[in-house]
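Next come the chains, spelled out residue by residue.
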Amino acid sequence: MKTIAVEPGAGKPTILEKPVPEPRAGEALVRTLRVGVDGTDHEVISGGHGGIPDGDDHLVLGHEAVGIVEDPNGTGLEAGEIVVPTVRRPPNGTNHYFESGYPDMAPEGEYVERGIVGGHGFMAKYFTSPAEYLVPIPEELAPLGFLVEPISISEKALEHAYASRSAFDWRPESAMVLGNGSLGLVTVAMLLETRDFERLYCLGRRDRPDPTIDIIEKLGATYVDSRETPVSKVPEAHEGMDFIYEATGYAPHAFETIEALAPNGVGALLGVPSSWQFDIDGGALHREFVLHNKALVGSVNSHRGHFEAAIDTLSQLPEWFTDDLVTGVYDLDAFEAAFDDDDTTIKTAVQFESI
Ligand code: NAP
Ligand code: BGC
Ligand code: ZN
């Protein structure tokens, strides 16, 4: 079967032939429909993040998949059911984080991530998975099922942000999303369409006309150009933002977030930057944290419950939004186009079987 893989140092994905996998006890065989591409895939391809499985010389890409159960193999799933796989798996047998249902909280060494680090991904005609990591979705969501994983990332971040304020009656009204990539845009849509935020800003570094700015404004948010207006100088930042969601991977934003938060505000950091040294006023930031009851949460990955919440969120997003967000779905023979990284590309997917 055909897979899309990357070899260390190659800098670009390639097609590799591999045998169709055999499901083991407890695993189902899934026929892949579509697999999305995000900023992490680009970081994996460039060698900035992730790694190949032990003893292998390549990594099959893809962690945002939707497929159709080909062989339930006695797992309780049904043939023909549409499923979305979660990303993390235990590396050597199970461990506490997987047993308790929180693989997303496992520290490094206690997980592999399929398509990212230590485990082959879903960009293959077929894949196998233990049934407990396959989340059924309604058939009508199949064409957009590859958006469930990225939405689940924000479900987790929001859950942790709200949990950090659960000791009092927190009522956030204003929010700012840093980053107008696919994760940032999906989060702007979630916050405006499925939560009670009244004012929302989204920060980018693009000139108009730009399709991401069009989406931001059509959703009812305000676009901010970080080249003209730094995070802490955004209108309202003098009062502060109740919630800030960082999805740029631009490390200074993590610290500018502290200053830009309102008293009692929460920042969620999602970006995965490389090592980067710069000056900060640690004393001022420490003081800000303490005197204004601020919180920052780092958030990575997501668990099955976040996938289930994401399915619900996906079904609430307006059709025009997903139409504008998904700029291309490419068949295997044109798969390279799914990895284009220009300003007209927002969210893409590779299609293994037409829907
Ligand atoms: P992406 O498509 O690369 O998006 C990043 C966006 O941030 C781009 O649109 C980029 O603008 C913008 N940006 C970067 N630096 C900026 C700056 N200084 N000012 C304004 N805008 C800036 O990636 P993505 O898929 O949306 O993901 C976003 C980040 O989250 C990445 O770092 C990714 O690794 C991370 N991520 C984390 C998780 C998690 O579980 N924690 C999950 C998914 C993704 P341009 O396009 O104009 O360059
Ligand atoms: C994936 C997460 C993963 C994270 C870090 C993200 O792009 O969506 O599932 O945990 O990268 O590798
Ligand atoms: Zn991702």
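Residues numbered from 1 in each chain as written. Chains lettered and ligands numbered in written order. Predicted model: local features only at pLDDT ≥ 70, side-chain atom pairs only at ≥ 80, totals over all residues. Heavy atoms only, no water.

(A) Quick peek at the pattern of salt bridges. Summed over all chains, the structure comprises 19 salt bridges. Where Arg 206 meets Asp 210, a salt bridge forms, and the shortest distance between an N and an O atom there is 2.6 Å. Under the relative-accessibility criterion, Arg 206 is labelled buried at 17%. Its relative accessible area of 3% is what places Asp 210 among the buried residues. Asp 324 is the salt-bridge partner of Lys 218, the closest N and O atoms lying 3.5 Å from each other. With Lys 218 in helix 5 (residues 211-218) and Asp 324 in helix 9 (residues 319-325), this pair connects stretches of sequence that are 106 residues apart. With relative accessibility at 33%, the residue Asp 324 sits in the partly exposed group. Each of Arg 31, Glu 70 and Glu 353 takes part in salt bridges that share partners, so that together they form one network. (Salt bridge = Lys/Arg side-chain N within 4 Å of Asp/Glu carboxyl O. Buried < 20%, exposed > 50% of the residue type's maximum accessible area, 1.4 Å probe, protein only. Helix = DSSP H or I, 4+ residues; strand = E, 2+ residues; numbered from the N terminus.)

(B) The sheet that holds strand 7 (residues 88-89), seen in detail. Taken in spatial order, the three strands make up an open sheet running 7-8-9, and their pairing is mixed. Two strands lie at the open edges of the sheet, namely strand 7 and strand 9 (118-119), each paired on one side alone. Here strand 7 runs beside strand 8 (residues 112-114); their pairing, made up of two bridges, is antiparallel. In the sheet register, Arg 88 faces strand 8, and the bridge partner there is Glu 113. (Pairing = 2+ DSSP bridges.)

(C) Representation of the site of ligand 1. Ligand 1 sits among 26 residues. The nearest are Gly 39, Arg 205, Arg 206, Ser 226 and Ser 299. Bound to the protein, ligand 1 loses 84% of the 920 Å² it would expose on its own. Where the shell around ligand 1 is concerned, the elements lending two or more residues are helix 1 (39-46), helix 4 (182-194) and strand 13 (199-204). Looking at the shell around ligand 1, the element that brings in the most residues is helix 1, giving three residues. Residues belonging to the shell around ligand 1 are distributed by class as follows: eight nonpolar, 14 polar and four charged. (Near = heavy atom within 4 Å. Areas by Shrake-Rupley, 256 points an atom, 1.4 Å probe, with all protein chains shown as cover. Nonpolar A, V, L, I, M, F, W, Y, C, P; charged D, E, K, R; others polar.)

(D) Here's a closer look at helix 5. For helix 5, the set of buried residues is Thr 212, Ile 213, Ile 215 and Ile 216. Down the axis of helix 5, the smallest arc covering the buried residues is 160°, so these residues share one side. In the core, the buried residues of helix 5 are packed alongside helix 4, strand 13, strand 14 (222-225) and helix 9. Looking one or two places after helix 5, you find Gly 220, whose phi comes out positive at around 100°. (Arc of directions from axis to C-beta. Contact = heavy atoms within 4.5 Å.)

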